[in-house]
Amino acid sequence: MALCLGQVFSKDKTFRPRKRFEPGTQRFELHKKAQASLKSGLDLRKVVQLPEGENISDWIAVHVVDFFNRINLIYGTVSEYCSERTCPIMSGGLRYEYRWQDGDDYKKPTKLPALKYMNLLMDWIESLINNEDIFPTRVGVPFPKNFQQVCKKILSRLFRVFVHVYIHHFDSICSMGAEAHINTCYKHYFYFISEFHLIDHSELEPLKVMTEKICN
């Protein structure tokens, strides 16, 4: 029997501390609205649609942070099986390899073990979503002009976590009874990026079969 979400994705296994929204802010209210819709059993295609009267940048910001938290939790659950020995390269099977580049410590695309790649990825995302110049939290402070481009990059790199987990650690996910939970998370992610055209669909090729199976 599949375990409940709380049993499978234990909060003490999260790969990074959860990013939270400040109570009383518009972003917090949007987050509550999004979570309520998710729990209501509504069609996920409708859940991701921008609520009437809401700002699209706020809506995207809320979801980027939420996907960071949830994907972080999923990877944290399987990270004990993802070592330099089992996953010496950050990849998605034999056809897809992901190299790390951040313009700072890694100025050129660099081949890394999956665990090291994930650490750098989560650090990089965390630094962005905690940056007030990119994800402003103060009322009246506008989003930067390149905000959606930044979010596209974040979501594109988070997709690589799905690729690695589905292709290299899906047996572990299934043994925990967590298949339905990761599928729902991916489905939510896929409908959201599709709704707002946040990723070129050619980048989704590594999970094309899985996407057709669970999202159509």
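Residues numbered from 1 in each chain as written. Predicted model: local features only at pLDDT ≥ 70, side-chain atom pairs only at ≥ 80, totals over all residues. Heavy atoms only, no water.

## Some words on the overall build of the chain
- Each helix and strand in the chain was counted, giving 9 helices and 2 strands.
- Reading the helices (α) and strands (β) of the chain from amino to carboxyl end gives α-α-α-α-β-β-α-α-α-α-α.
- Across the 216 residues that make up the chain, the buried fraction comes to 50%.
- Long-range contacts, defined as pairs at least 24 residues apart, comprise 74% of the intrachain contacts of the chain with a sequence gap of at least 6. (Helix = DSSP H or I, 4+ residues; strand = E, 2+ residues; numbered from the N terminus. Buried < 20%, exposed > 50% of the residue type's maximum accessible area, 1.4 Å probe, protein only. Contact = heavy atoms within 4.5 Å.)

## Thoughts on the nonpolar core
- Of all hydrophobic cores here, the largest spans 67 residues; its most connected members are Phe135, Ile154, Phe162, Tyr166, Tyr186 and Tyr189.
- Looking at this core, the elements that each hand over two or more residues are α3 (44-47), α4 (56-78), α5 (114-129), α6 (147-168), α7 (170-175), α8 (179-195) and α9 (208-215).
- Top element by residues in this core is α6. It accounts for 12 residues.
- What isoleucine 154 contacts, discounting residues up to four positions off in sequence, is Val64, Trp124, Ile125, Leu128 and Phe135. (Core = buried A, V, L, I, M, F, W, Y, C linked by side-chain atoms within 4.5 Å.)

## Focus on the UniProt feature "binding site: Zn(2+)" (unreviewed entry) in the chain
- Residues annotated by UniProt as "binding site: Zn(2+)" (unreviewed entry) correspond here to Cys82, Cys87, His164 and His169. What stands out for the annotated residues spanning 88 residues is how close their C-alpha atoms remain, the widest pair being 10.0 Å apart.
- Inspection of the secondary structure assignment puts cysteine 82 in the loop between α4 and β1 (91-92).
- Among residues more than four places away in sequence, those in contact with cysteine 82 are Tyr75, Cys87, Ala114, Leu115, His164 and His169.
- Within the fold, histidine 164 resides in helix α6.
- On the basis of relative accessibility, which here comes to 0%, the residue histidine 164 falls in the buried class. (UniProt positions renumbered as here; feature names shortened; annotations may be inferred.)

## Some remarks on the packing of α4 against α8
- For the pair α4 and α8, the least separation of the axes is 11 Å and the interaxial angle reads 155°. It follows that α4 is roughly antiparallel to α8 by the angle criterion. Of the two elements, α4 crosses α8, and the hand of that crossing is left-handed. For the pair α4 and α8, contact is made by Trp59, Ile60, His63, Asp66, Phe67, Arg70, Ile71 and Ile74 and by Ile182, Cys185, His188, Tyr189 and Phe192, respectively.
- Of the residues belonging to the contact of α4 with α8, the class tally is 9 nonpolar, 2 polar and 2 charged. (Axes fitted to C-alpha atoms, helices over the stretch in contact; angles between N-to-C directions. Parallel < 35°, antiparallel > 145°, perpendicular 65-115°, else oblique. Left-handed = near helix turned anticlockwise from the far one by under 90°. Nonpolar A, V, L, I, M, F, W, Y, C, P; charged D, E, K, R; others polar.)

## Overview of the packing of aromatic side chains
- A complete count under the given rule lists 17 aromatic pairs for this structure.
- Centroid distance phenylalanine 159 to tyrosine 186: 6.4 Å. Interplanar angle 40°. Geometry classified as tilted. Of this pair, phenylalanine 159 sits in helix α6 while tyrosine 186 sits in helix α8, placing them 27 residues apart in sequence.
- Judged by its relative accessible area of 2%, phenylalanine 159 is buried.
- On the basis of relative accessible area, tyrosine 186 is assigned to the buried category, the value being 0%.
- The interplanar angle of 55° and the centroid separation of 6.0 Å between the aromatic rings of phenylalanine 190 and tyrosine 191 together place this pair among those described as tilted. An identical accessibility class is assigned to phenylalanine 190 and tyrosine 191; each is buried. (Phe/Tyr/Trp six-rings, centres within 6.5 Å; stacked < 30°, edge-to-face > 60°.)

## With respect to unusual backbone geometry
- Look at histidine 197: it is not a glycine, yet its phi comes out positive at around 50°.
- Assignment of secondary structure puts histidine 197 in the loop between α8 and α9.
- A residue is classified by how much of its surface remains accessible, and histidine 197, at 62% relative accessible area, is exposed.

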